[in-house]
Amino acid sequence: MIIKPHRGQPLWIAFLLHRISGLGLAIFLPFHFYLLGLALEQTETMDGLLRWSDYPLVKFAEFGLVFLLAVHLFGGLRLLALEFLPWSNRQKTLAASAVAISFLLALGFLMRAV
Amino acid sequence: MQESTDILEVGVWRGDVTGGQLVSYQVPRQSSQTILDVVTWIQRELDPGLSYRFSCRVGMCGSCAMMVNGIPRWTCRTHVQKVVQDNRLTIEPMRNMPVIKDLVSNMDEFFAKWKLAEGQFHGRKTRYDPIEPLLPDSPRRLAASAAIECINCGICYASCDVVSWNPAYLGPAALNRAWSLVNDERDIGQQSRLNAIAADAGCHNCHSHANCATYCPNELNPTASIAGLKRLAARAAFAGKI
């Protein structure tokens, strides 16, 4: 998708981030549930995959995953508030806050992981 | 006023419903020059065959909107100095509307959607009844006032990605109009309006990109109006009215 000039404004970027994070999570979740499912019958395979998550690059990828999850959560809360609560003119601030909180959460996850 | 260079390089979309392309023109730069001035200069001095639409030249009639460097703008109130990039301008007909010729867009569907969104007033009184008093500072009147100064220029419609993704979508202008009438205490057509705005082509299509609110030259906020319609439709759905 090309960022055409009329799309270069903060709330459109917030939409794009929400869509990308949603698609990213939709791709991730089936693998996540598959891995959890391995705990029932293939515990050795599961342990192997969990050890794989000790690699630094995988840790960093998990940082991205936590960020996507958090930004989708807080961005979604902003949209729910937009649609169901009285209108607030602070939408750009709220969208930026969702990104900032998500980044801090993901950073906290990374700090604990390393 | 001192300008950086004297000649503007202007690409103007020339063509009709069968297709077209950008044609380059060189236009002398002047102080306080608007985009409409540029287009008018091209028509008067270089190519009398150039078609475009304007009327009032003071930002009231809403007829001169065009895409300027990819963003829809009211050209009579847009100064070249504000939007020019590297001394270049690209001027194209409005997005999301079929072109008629050159910079003239066909706005039939845009206006038809105002009707589909029940954008007309349904009164219960005649001219022989006394005028109904409305408190200017009542919450509903204030909500209507916030949405009412639309000049039908179509800029919000041209900037809306949801319109381009779903051509049936009523669009920000029509829904903003519906919201101003939802808040009109004298209107007795609210149920039919509710049915129109909550239907498949209605307010629930909106992704809250807020392009409409970003580019509205009158600084209206159709995104806020559509959010109001969404709340209204949600309440009506829970109450079994739709």
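Residues numbered from 1 in each chain as written. Chains lettered and ligands numbered in written order. Predicted model: local features only at pLDDT ≥ 70, side-chain atom pairs only at ≥ 80, totals over all residues.

Asker: Please clarify how the overall build of chain A should be interpreted in this entry.
Answerer: Looking only at helices and strands, chain A features four helices and zero strands. For 114 residues, the compact-globule formula gives about 13 Å, and the C-alpha radius of gyration of chain A, at 17 Å, lies well above that figure. Residues classed as buried in chain A amount to 19% of the 114 residues present. Taking the contacts inside chain A whose residues are at least 6 apart along the sequence as the reference set, 77% of them involve residues at least 24 apart. (Helix = DSSP H or I, 4+ residues; strand = E, 2+ residues; numbered from the N terminus. Rg over C-alpha atoms; globule rule 2.2 N^0.38 Å. Buried ≥ 20, exposed ≤ 12 C-beta atoms within 10 Å, placed from the backbone. Contact = placed C-beta atoms within 7 Å.)

Asker: Can you help me understand the overall build of chain B in this one?
Answerer: A tally of regular secondary structure across chain B gives ten helices and seven strands. Oriented by its inertia axes, the alpha-carbon framework of chain B measures out at about 60 × 35 × 30 Å. A burial count over chain B gives 42% of its 242 residues as buried. Within chain B, residue pairs in contact and separated by at least 24 positions form 65% of the contacts whose partners lie at least 6 positions apart.

Asker: Would you mind going over the interface of chain A and chain B with me for this structure?
Answerer: Often the size quoted for an interface is simply the accessible area lost on bringing the parts together. With 13 residues of chain A at the interface, the matching set in chain B holds 18 residues. Breaking the side of chain A that touches chain B down by element, the ones donating at least two residues are α1 (10-41) and α3 (56-84) of chain A. At four residues, the largest contribution of residues to the side of chain A that touches chain B is made by α3(A).

Asker: When you look at the environment of B:Ala234 in this model, what are you seeing that I'm missing?
Answerer: Here B:Ala234 lies in helix α10 (residues 222-238). When the C-alpha positions of B:Ala234 and B:Glu149 are compared, they lie 26 Å apart, and in sequence the two are 85 residues distant.

Asker: Explanation requested: α10(B) in the structure shown.
Answerer: Since the α-helix advances by 3.6 residues per turn, residues separated by three or four positions end up pointing in the same direction. For α10(B), which comprises 17 residues, the first-to-last C-alpha distance of 24 Å matches the rise-based estimate of 24 Å (1.5 Å per residue) to within 8%. All buried positions along α10(B) are accounted for by B:Pro222, B:Thr223, B:Ala224, B:Ser225, B:Ile226, B:Ala227, B:Gly228, B:Leu229, B:Lys230, B:Leu232 and B:Ala233. In this fold, the buried residues of α10(B) make contact with α3 of chain A together with α4 (139-148), α5 (155-159), α7 (172-182), α8 (190-197) and α9 (211-215) of chain B. Just past α10(B), the residue B:Gly240 takes up positive phi, approximately 75°. (Expected span 1.5 Å × (residues − 1).)

Asker: What should I look at first to understand the nonpolar core in this one?
Answerer: Nonpolar side chains in soluble globular proteins tend to end up buried together. All names here are of chain B. If you look at the biggest cluster of nonpolar residues, it comprises 78 residues, and the most contacted ones within it are Val10, Val38, Ile91, Leu175, Ala178, Ile197 and Leu229. The element contributing the most residues to this core is α7, with seven residues. Once residues within four sequence positions are removed from consideration, Ala178 is found in contact with Ala117, Glu118, Gly119, Arg193, Ile197 and Leu229. (Core = buried A, V, L, I, M, F, W, Y, C linked by C-beta atoms within 7 Å.)

Asker: For this particular structure, what's the right way to read the domain arrangement of chain B?
Answerer: Residues and elements named next belong to chain B. In terms of domains, chain B is made up of domain 1 (7-105) and domain 2 (108-238). Relative placement of domain 1 and domain 2: their C-alpha centres are 29 Å apart. In this assembly, 15 residues from domain 1 lie in contact with 14 residues from domain 2. When contributions to the side of domain 1 that touches domain 2 are tallied by element, the ones reaching two or more residues are β3 (65-68) and β4 (71-74). Here the side of domain 1 that touches domain 2 gets four residues from one element, more than from any other, and that element is β4. Across the side of domain 1 that touches domain 2, the residue classes tally to nine nonpolar, three polar and three charged. (Domains from an automatic or database assignment. Nonpolar A, V, L, I, M, F, W, Y, C, P; charged D, E, K, R; others polar.)

Asker: Is there a simple way to explain the packing of α4(B) against α7(B) in this structure?
Answerer: Two numbers describe a pair of packed helices, the interaxial angle and the distance between the axes. Residues and elements named next belong to chain B. Between α4 and α7, the least distance of the axes is 8 Å, while the angle of their chain directions is 155°. Between α4 and α7, the angle is such that the two are roughly antiparallel. Judged by the sense of rotation from one axis to the other, the crossing of α4 with α7 is left-handed. Listed contacts from α7 to Ala144, Ala147 and Ile148 of α4 are Asn176, Trp179 and Ser180. When the residues that make up the contact of α4 with α7 are grouped by side-chain class, the tally is four nonpolar, two polar and no charged. (Axes fitted to C-alpha atoms, helices over the stretch in contact; angles between N-to-C directions. Parallel < 35°, antiparallel > 145°, perpendicular 65-115°, else oblique. Left-handed = near helix turned anticlockwise from the far one by under 90°.)

Asker: Explain the confidence of the model for chain B here, please?
Answerer: Detailed conclusions should not be drawn from predicted coordinates in areas where pLDDT is low. Across chain B, the average pLDDT comes to 96, with 98% of residues at 70 or higher. The complex prediction reports pTM at 0.93, with the ipTM value standing at 0.89. (pLDDT = per-residue confidence, 0-100.)

Asker: Is there a simple way to explain the pairing of strand β5 (residues 88-92) of chain B in this structure?
Answerer: Regular strands place their side chains on alternate faces of the sheet. Residue and element names in this part refer to chain B. In this sheet, β5 lies alongside strand β1 (residues 7-16) in parallel orientation, the contact comprising four bridges. Bridge pairing in β5 links Glu9 to Arg88. Judged from the two bridges that link them, β3 and β5 form a sheet pairing that is antiparallel. Among the inter-strand pairings, Val68 is bridged to a residue of β5, identified as Ile91. (Pairing = 2+ DSSP bridges.)

Asker: Hey, could you run me through the pairing of β1(B) in this one?
Answerer: Residue and element names in this part refer to chain B. With ten bridges connecting them, β1 and strand β2 (residues 19-28) associate as antiparallel partners. For Glu9, the partnering residue across the bridge sits in β2 and is Gln26. Taken together, β1 and the strand that follows it, β2, pair antiparallel across an intervening segment of two residues.

Asker: Help me out: how do you make sense of unusual backbone geometry in this one?
Answerer: Glycine aside, residues mostly have negative phi, and peptide bonds are mostly found in the trans state. All names here are of chain B. For Asp102, which is not glycine, the phi torsion reads 50° and is therefore positive. Inspection of the secondary structure assignment puts Asp102 in the loop between β6 (99-101) and β7 (104-105). If you check the backbone angles, Asn152 has positive phi at about 60° while not being a glycine. Following the sequence through the fold, Asn152 ends up in the loop between α4 and α5. Of the residues examined, Asn152 has 17 C-beta atoms within 10 Å and is grouped as partly exposed.

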